[in-house]
Amino acid sequence: MDIRIGDKLKMKKSHPCGSSEWVVLRIGADFKLRCCGCGHEVMGARSKFERNIRAVEREGEPTE
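Residue indices begin from 1 for each chain and proceed along its sequence in written order. Totals for whole chains, interfaces and linings use all residues, but because this is a predicted model, local features are given only for residues with pLDDT of at least 70 and pairs of side-chain atoms are given and counted only at 80 or more. Hydrogens and waters are ignored; side-chain quantities use all the structure's heavy atoms.

> Kindly report on the sheet that holds strand S5 (residues 53-57), identifying the contributing residues and their values.
By definition, two strands form a pair when at least two bridges between them are found by DSSP. For helices the rule is a DSSP run of H or I covering at least 4 residues; for strands it is a run of E covering at least 2, with both sets numbered from the N terminus onward. An order of S4-S3-S2-S1-S5 is seen for the five strands of this open sheet, with the pairing classed as antiparallel. Edge strands, defined here as strands with exactly one partner in the open sheet, are strand S4 (41-45) and S5. Direction aside, the axes of adjacent strands within the sheet are offset by 35 degrees on average. Pairing of strand S1 (residues 8-11) with strand S2 (residues 21-26) involves three bridges; the strand directions are antiparallel. When the sheet's bridge partners are listed, Lys8 is paired in S2 with Val23. Only the stretch in contact is used when fitting a helix axis, every axis being a line fitted to C-alpha atoms; angles between N-to-C directions are given from 0 to 180 degrees.

Right, dumping it as C-alpha cells:
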C-alpha cells in the first residue's frame, strides 16, 4: 500500500473522540498517526493499521 507522510487516512472504526480521520506523521515498519479530531498521537505496527484503512486522501490528487 502506498502511504506517504502527510496523507489523511480514513479508518474503518472511529476514535473515541468521534473522528475517523488520521494524518500520517511517520512511516516505516511502524506508523505514527495523529487524530484529526482531538490531536491524540498513536504509534503502532504498519500491518495493524493497513488492515483498518478505508480510504487514503492525498493533497493535490483526486480521491479514489
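> Break down the packing of aromatic side chains for me, with residues and values.
Ring pairs shown here join Phe, Tyr and Trp side chains whose ring centres sit within 6.5 Å, with only the six-membered ring taken for Trp; geometry is labelled stacked below 30 degrees between planes, edge-to-face above 60, and tilted in between. As enumerated under the stated definition, the model contains one aromatic pair in all. Judged by centre distance (6.4 Å) and plane angle (25 degrees), the rings of Phe31 and Phe49 are stacked. Taken together, the residues span a long stretch of sequence, with Phe31 in strand S3 (residues 30-35) and Phe49 in helix H1 (residues 46-51) at a distance of 18 residues. The residues Phe31 and Phe49 share a single accessibility class, namely buried. When accessible area is computed with a 1.4 Å probe and restricted to protein chains, residues below 20% of their type maximum are described as buried, those above 50% as exposed, and intermediate ones as partly exposed.

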